[in-house]
Amino acid sequence: MRLEGRRAIVTGSTSGIGLGIAEALAAAGAEVVLNSFTDSPGDHALADRLAAAHGVAVRYIRADMADGADCRRLVAGAGGCDILVNNAGIQHVAPIEDFPPERWDRVLAINLTSAFHTTAAALPGMRAKGWGRIVNIASAHGLTASPFKAAYVAAKHGLVGLTKTVALETAGQGITCNAICPGYVLTPLVEAQIPDQMAAHGMDRETVIREVMLARQPSRQFATVEEIGEVARFLCSEAARQITGTTISVDGGWTAL
Ligand code: NAD
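In this text, all values refer to a predicted model and were calculated from it rather than measured experimentally. (Residues numbered from 1 in each chain as written. Predicted model: local features only at pLDDT ≥ 70, side-chain atom pairs only at ≥ 80, totals over all residues. Heavy atoms only, no water.)

(A) Main features of the packing of helix H1 (residues 16-27) against helix H8 (residues 225-235). Following both chains from N to C, one finds H1 and H8 inclined at 50°, their axes separated by 8 Å at the closest point. The angle between the axes of H1 and H8 places the two elements in the oblique class. Crossing of H1 over H8 shows right-handed handedness. Between H1, through Gly16, Ile17, Gly20, Ile21, Ala24, Leu25 and Ala27, and H8, the contact on the second element is made entirely by Val225, Ile228, Gly229, Glu230, Ala232 and Arg233. Among the residues making up the contact of H1 with H8, the classes are represented as 8 nonpolar, 3 polar and 2 charged. (Axes fitted to C-alpha atoms, helices over the stretch in contact; angles between N-to-C directions. Helix = DSSP H or I, 4+ residues; strand = E, 2+ residues; numbered from the N terminus. Parallel < 35°, antiparallel > 145°, perpendicular 65-115°, else oblique. Left-handed = near helix turned anticlockwise from the far one by under 90°. Contact = heavy atoms within 4.5 Å. Nonpolar A, V, L, I, M, F, W, Y, C, P; charged D, E, K, R; others polar.)

(B) Structural context of the site of the ligand. Close to the ligand lie 32 residues; Ile17, Asn87, Tyr152, Val185 and Thr187 are nearest. Between the ligand and the protein, one listed contact pairs a nitrogen atom with a side-chain N or O atom of aspartate 64 at 2.8 Å. Between an oxygen atom of the ligand and a main-chain N or O atom of asparagine 87, the distance comes to 2.7 Å. Across the shell around the ligand, the residue classes break down as 17 nonpolar, 12 polar and 3 charged. Counting contributing residues per domain, the shell around the ligand is built from domain 1 (7-185 + 223-249) and domain 2 (186-222), each supplying no fewer than three. (Near = heavy atom within 4 Å. Polar contact = N/O pair within 3.5 Å; in protein donor to acceptor, adjacent residues only side chain to side chain. Domains from an automatic or database assignment.)

(C) Representation of the domain arrangement of the chain within the structure. Partitioning the chain into domains gives domain 1 (7-185 + 223-249) and domain 2 (186-222). One C-alpha centre belongs to domain 1, the other to domain 2; they are set 24 Å apart. Contact residues are listed per partner, giving 17 residues for domain 1 and 14 residues for domain 2. Summed over the three residues of domain 1 that lose the most area to domain 2, namely Val93, Tyr184 and Val185, the buried surface amounts to 48% of that side. At the boundary of domain 1 with domain 2, the tally comes to 6 residue pairs in polar contact (both at pLDDT 80 or more). In the side of domain 1 that touches domain 2, the residues fall into 8 nonpolar, 8 polar and 1 charged. (Buried area = accessible area lost by both parts, 1.4 Å probe.)

This is the structure we're talking about:
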């Protein structure tokens, strides 16, 4: 399960699941490239904190995952990568008739199209080494739908489809591509949905968490970013070399219903 000598890029990794995955990969000895679109002093301080905590090289590179050229520049700026985790994602919740077209475009760009660009940029280097791991952070919403999340559900289903296609194009080349499909994980992205869900359902915070958000998660428990990080780390291991083109749900039983 050690990853010394591997360079990992994790998109959207200054908070939430991406940061949890970056921590798990750094703890396994990988060099890590953190990314977001902000480029704040805090982003660089976070890279320094991870480097000190795990004794590995950690850099922060700004790139906007809504911009295809920026996605490709991220991979080039890192000097390529052995491990690519396509994690950056945003949400917008609205009935389809009221769904702002510009929000549709942005959700699709960040949650789906960015993975096309980063994967295209990373694959030549992985092929040259005969080793690579691509981990796409999809969602339970990559396998099933919910109302008011048209763009997110479409993007995550698309990301699962992209995962299968990349797996077929790289099969037998030492490269794997898989998707992790988390249910609800309590991160800033989920926190931001709570007011919208409260308004849509006319409920208070605790009721909307229990009765709406976790209603379809039979465990009635949020997954943690550390748990998602460990699944990503396993997918990057040698033991997982024949696991490709598939989805791994971490959803407390949601998609078993
Ligand atoms: P988060 O909001 O905590 O973190 C998102 C990260 O993406 C941040 O680092 C942010 O800076 C970055 N980001 C946002 N827009 C960006 C852009 N344009 N360019 C570069 N970086 C950008 O979110 P999270 O909950 O940790 O979600 C991470 C991924 O996991 C997303 O793809 C999300 O869809 C998926 N996911 C989350 C949950 C959950 O319950 N939290 C469940 C299933 C799937």
